[in-house]
Amino acid sequence: MRKYTIIILLGLMFSCTSKSPSGQSLDNDIRVMAQLKKTSSNDRMQTFMVRVFPDKKFIEHGKEKITESFLYHADSCFYLLNNNIKLYPDYVEPVANGIKGSYEFLIGFSNQDLSLKEYMLIYQDQIINKKIHSHD
């Protein structure tokens, strides 16, 4: 029984790792994690998964307001940046991830005339502390 438990745990650990480019940005108030999702060459959209973890002090003192803001107002927080040119996403979709105290988003950008190697994903917080978090 113990042998099978170890095998299952190892399988879960390796299935959760990704070889996709990812990044993390943090400060005293918030942690932001971003991951570029793999797509095929004929896809019209390039997508990112972004998780935002506000510090517990913000969640404890206004969870309803923060949750509402993340669910309905986070769409204007994300963009791609290159040489002061901002590209805003075609969609920002909140994802129910089941992780307490975190907010996750699926963000899609059109692939037309877009070389993601030249752009940096930006999360400009408008809910917690108004700081900019960048991800290469």
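Keep in mind that what you see is a predicted model, and the values were worked out from it rather than measured. (Residues numbered from 1 in each chain as written. Predicted model: local features only at pLDDT ≥ 70, side-chain atom pairs only at ≥ 80, totals over all residues. Heavy atoms only, no water.)

Q: Got a minute to help me understand the overall build of the chain in this structure?
A: A count of helical and extended segments in the chain gives 3 helices and 9 strands. Its helices and strands in sequence order give the chain the pattern α-β-β-β-α-α-β-β-β-β-β-β, from N to C terminus. Counting over 136 residues, the chain shows a buried share of 35%. Counting contacts in the chain only where the partners sit at least 6 residues apart, residues at least 24 apart contribute 55% of the total. A total of about 9400 Å² of accessible surface is found on the chain, and carbon and sulfur atoms cover 53% of it. (Helix = DSSP H or I, 4+ residues; strand = E, 2+ residues; numbered from the N terminus. Buried < 20%, exposed > 50% of the residue type's maximum accessible area, 1.4 Å probe, protein only. Contact = heavy atoms within 4.5 Å. Areas by Shrake-Rupley, 256 points an atom, 1.4 Å probe, with all protein chains shown as cover.)

Q: Mind showing me how you'd approach the nonpolar core here?
A: The nonpolar side chains of a soluble globular protein tend to be buried, and buried together. By size, the foremost hydrophobic cluster in this structure holds 22 residues, and its most contacted members are Val 50, Val 52, Phe 70, Phe 78, Phe 105 and Tyr 123. Going through the elements one at a time, strand E2 (30-36), strand E3 (45-54), helix H3 (63-73), strand E4 (78-82), strand E7 (103-110) and strand E8 (120-124) are the ones with two or more residues in this core. Per element, the largest residue contribution to this core is 4 residues, and it comes from E7. (Core = buried A, V, L, I, M, F, W, Y, C linked by side-chain atoms within 4.5 Å.)

Q: Would you explain the side chain of Asn 129 in this entry?
A: Structurally, Asn 129 is set in the loop between E8 and strand E9 (132-135). In this structure the side chain of Asn 129 is engaged in a polar contact, spanning 3.4 Å, whose partner is the side chain of Asp 29. A polar atom in the side chain of Asn 129 sits 3.1 Å from the backbone nitrogen of Lys 131. Beyond its immediate stretch of four places on either side in the chain, Asn 129 contacts Asp 27, Asp 29 and Ile 30. (Polar contact = N/O pair within 3.5 Å; in protein donor to acceptor, adjacent residues only side chain to side chain.)

Q: Is there a simple way to think about the confidence of the model for the chain in this case?
A: Atom-level detail of predicted coordinates should not be read off regions where pLDDT is low. Of all residues in the chain, 74% have pLDDT values of 70 or greater, and the mean over the chain is 76. Element-level pLDDT for the chain is lowest in helix H1 (residues 2-16), with a mean of 39, against a maximum mean of 93 in strand E6 (residues 91-95). Low pLDDT, under 50, characterises residues 1-21; the predicted model gives this stretch 8 contacts beyond four residues in sequence or across chains. (pLDDT = per-residue confidence, 0-100.)

Q: Even after reading the chapter, I still don't get the sheet that holds E4, so can you show me in this structure?
A: Strand pairing within a sheet occurs via backbone hydrogen bonds; the two strands may be parallel or antiparallel. The strand order across the open sheet formed by 4 strands is E5-E4-E8-E9, and the pairing between neighbours is antiparallel. Each edge of the open sheet carries a strand with a single partner, namely strand E5 (85-87) and E9. In this sheet, adjacent strand axes meet at a mean angle of 35° when their direction is disregarded. (Pairing = 2+ DSSP bridges. Axes fitted to C-alpha atoms, helices over the stretch in contact; angles between N-to-C directions.)

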